[in-house]
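Per-entry structural report
Each chain, letter by letter, is given below.
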Amino acid sequence: MAAVQHFDIIVIGTGAGGGTLAHRLAPSGKRILLLERGGYVPREKDNWSTKAVNLEGKYNTKEVWRDAEGRELHPHTNYWVGGNTKFYGAALFRLRREDFWEIKHWGGLSPAWPISYEDLEPYYSQAEHLYQVHGRREEDPTDPPASAPYPHPPISHEPRIQQLSDDFARLGLKPFHVPLGVMLDERNPRASRCIRCATCDGHPCLVYAKADAQVLCVDPALEHSNVTLLTRAYVSRLETSPSGRDVQRVIVEREGATEAYSADIIVVSAGAINSAALLLRSANDKHPQGLANGSDVVGRHYMGHVNSVLMALSKCPNPTVFQKTLALNDFYFGSKEWEFPMGHISFVGKLDGDTLKAGAPAIAPGWTLELMARHSLDFWLTSEDLPDPSNRVTLDRAGNIVLSYQPNNEEGHGRLTEKLKNLMKQQTKCRVHGHECHEGLFARSLYLGQRIPLAGVAHQNGTICFGRDPKTSALDANCKAHEVDNLYVVDASFFASSGAVNPALTVMANALRVGDRLLERLK
Ligand SMILES: Cc1cc2nc3c(=O)[nH]c(=O)nc-3n(C[C@H](O)[C@H](O)[C@H](O)COP(=O)(O)OP(=O)(O)OC[C@H]3O[C@@H](n4cnc5c(N)ncnc54)[C@H](O)[C@@H]3O)c2cc1C
Ligand code: SF4
């Protein structure tokens, strides 16, 4: 192995956490090394092919994990510069203020965070600016208070979605525009970088108009000469000093060789599952259960949300191109009849026949997959799952990832589904087919629900949780390992609970917060 090269800071992983942190640290002049196991997503027409992306999984990792029973899992996750933000739907939500508190759910308690919403709020505003979020404050009844408006106006609804929004409003609900990180300028379409296409959610953006961590954070960070990125650099292990109090060497597999790097500060941001696996793989005499794992929480409390895609079919087609503009949080904390939280209703990107083939729901009688896709409204329902210590990441004897997970807190999700079914039955009459169609619409309406299987780890979080007590958490409130003085974690691992909105903005805001702590420390 060649001589160990030393940096001020090493950041492992360039996704929502690591990429955002790199952006915050880059202007400091500190020598920063970014280690990323993936390369750059190639820019090619397949970026926007649903067949290549969804059916063939062209950009997914080919890594095979196992579930608790030893069955193969083909994880729907992506190893590239920018991490999973290259593929995300860019719905950039703040957690609700109450999500930082202890909340009673049907399935148990969602624990309090060691920081408050107010601690994170300034960083949420900064993250919304950095990721160019489009939205409108106060439409969403559960919106937490914000110190700044969204930097851009909301993305408009297409007619079918506007009609649905009007229907929901007529029923007394408060539908709102999803806060979105796409660089769409609807007032000046000719100059708009985003073209409002149908292949956004789940796809890389061919024209670099999605607010992802590569385009907005990593590439700008690399304009600073003090920042170095090594791609296809897989971090296999962290080695500590003999006392175990600090990480001394970062071991990297790159181009068939093993290399070592060192830094004053090491930040792990490899995604909640890979970061936990890395700490577990780094066990040594001083850390026999895994690095920074005296509490035995590393790898535990895996959360991924209780998620479903629900297709509401109707006789009338749904010609929407960019569907992910509308959401409902009216049942986030419960309802008049049910005192427990249910969750969040929004949309996935418009499904098509190829996408449906990939995870095919049962074909509705008299329909083809293509036809179903043309006539469906494709909802995405998210409910909170609770941090169960038995839901965990471990390693098998060969060091491969094993993910054990039993869903919990499902009653609220079932009730949320029922709520949506009832709402859909109360839509206004269809103008094309009149009353007859309206009857037919509902008579033939099918709600094809599919829970996202375990391999769908898009919202992974919670596996290296932060807290005040070193007995029950691996990280302190600043995301520094309790037991290792120079080790931080800034991906979604730190979550103490998952809330029921998409996680990325919280990961980004927290990375900015931790970035400020690091800059103070390195002064
Ligand atoms: C299809 C899809 C749609 C989504 N839509 C949304 C959405 O609309 N809104 C939202 O908020 N969230 C969404 N998400 C989730 C969001 O992308 C994640 O919450 C977010 O990216 C998590 O950030 P992270 O930093 O924890 O991990 P990641 O972004 O996954 O970054 C981890 C990085 O670490 C690298 N890495 C892993 N292991 C190693 C190693 N050993 N050595 C070196 N590098 C390593 C990976 O290659 C990756 O670049 C979506 C995810 C997917 C897959
Ligand atoms: S052009 Fe716009 S809608 Fe299409 S993938 Fe890019 S950001 Fe998404």
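From a predicted model like this one, the values you see are computed outputs, not experimental measurements.

1. As for the site of ligand 2
Inspection of the region around ligand 2 gives 13 residues, with Cys194, Ile195, Cys197, Cys200 and Cys205 positioned closest. Among the residues making up the shell around ligand 2, the classes are represented as 10 nonpolar, one polar and two charged.

2. With respect to the packing of aromatic side chains
Scanning all chains against the criterion turns up 16 aromatic pairs. Aromatic side chains Phe7 and Tyr261 sit 6.4 Å apart centroid to centroid with 55° between the ring planes, which places their arrangement in the tilted category. A residue pair is termed long-range when its members are at least 10 positions apart, and Phe7 in strand E1 (residues 5–12) and Tyr261 in strand E11 (residues 257–268) qualify at 254 residues. Measuring from ring centre to ring centre gives 5.6 Å for Trp113 and Phe494, while their planes differ by 85°; the resulting arrangement is edge-to-face. With Trp113 in the loop between strand E6 (108–110) and helix H3 (117–130) and Phe494 in the loop between strand E19 (487–489) and helix H11 (504–521), this residue pair connects regions lying 381 residues apart in the sequence. Since its relative accessible area comes to 0%, Phe494 is described here as buried. Among the aromatic residues, those joined into a cluster by ring pairs are Phe100, Trp113, Tyr117, Tyr124, Phe466, Phe494 and Phe495. The ring of Tyr79 carries Arg37 above its face, with NZ or CZ at 3.8 Å from the centroid.

3. A few points about the pattern of salt bridges
Applying the stated criterion across every chain, the model contains 30 salt bridges. Residues Arg97 and Glu118 are paired through a salt bridge, measuring 2.6 Å at the closest nitrogen-oxygen approach. Here the residue Arg97 occupies a position in the loop between strand E4 (72–73) and strand E5 (103–105), and Glu118 occupies one in helix H3, the gap between them amounting to 21 residues. For Asp201, the salt bridge goes to Lys324, with nearest N and O atoms at 3.2 Å. Here Lys324 lies in the loop between strand E12 (306–313) and strand E13 (326–327) and Asp201 lies in the loop between strand E7 (176–177) and helix H5 (213–222), a separation of 123 residues in the sequence.

4. Points about the packing of H3 against H11
At a minimum axis distance of 8 Å, the contact between H3 and H11 shows a crossing angle of 110°. Taken together, the axes of H3 and H11 lie roughly perpendicular to each other. In the packing of H3 onto H11, the handedness of the crossing is right-handed. Seen from H3, the contacting residues are Asp119, Leu120, Tyr123, Tyr124, Gln126, Ala127, Glu128 and Leu130; seen from H11, they are Leu505, Thr506, Met508, Ala509, Asn510, Leu512, Arg513, Asp516 and Arg517. For the contact of H3 with H11, the class distribution of residues is nine nonpolar, three polar and five charged.

5. Side note on unusual backbone geometry
Here Glu138, not a glycine, exhibits a phi torsion of approximately 70°, which is positive. By the secondary structure assignment, Glu138 is in the loop between H3 and helix H4 (159–170). A residue is classified by how much of its surface remains accessible, and Glu138, at 74% relative accessible area, is exposed.

Definitions and cut-offs
- Residues numbered from 1 in each chain as written.
- Chains lettered and ligands numbered in written order.
- Predicted model: local features only at pLDDT ≥ 70, side-chain atom pairs only at ≥ 80, totals over all residues.
- Heavy atoms only, no water.
- Near = heavy atom within 4 Å.
- Nonpolar A, V, L, I, M, F, W, Y, C, P; charged D, E, K, R; others polar.
- Phe/Tyr/Trp six-rings, centres within 6.5 Å; stacked < 30°, edge-to-face > 60°.
- Helix = DSSP H or I, 4+ residues; strand = E, 2+ residues; numbered from the N terminus.
- Buried < 20%, exposed > 50% of the residue type's maximum accessible area, 1.4 Å probe, protein only.
- Lys NZ or Arg CZ within 6 Å of the ring centre and 35° of its normal.
- Salt bridge = Lys/Arg side-chain N within 4 Å of Asp/Glu carboxyl O.
- Axes fitted to C-alpha atoms, helices over the stretch in contact; angles between N-to-C directions.
- Parallel < 35°, antiparallel > 145°, perpendicular 65-115°, else oblique.
- Left-handed = near helix turned anticlockwise from the far one by under 90°.
- Contact = heavy atoms within 4.5 Å.

Keep in mind these values describe shape, not function.
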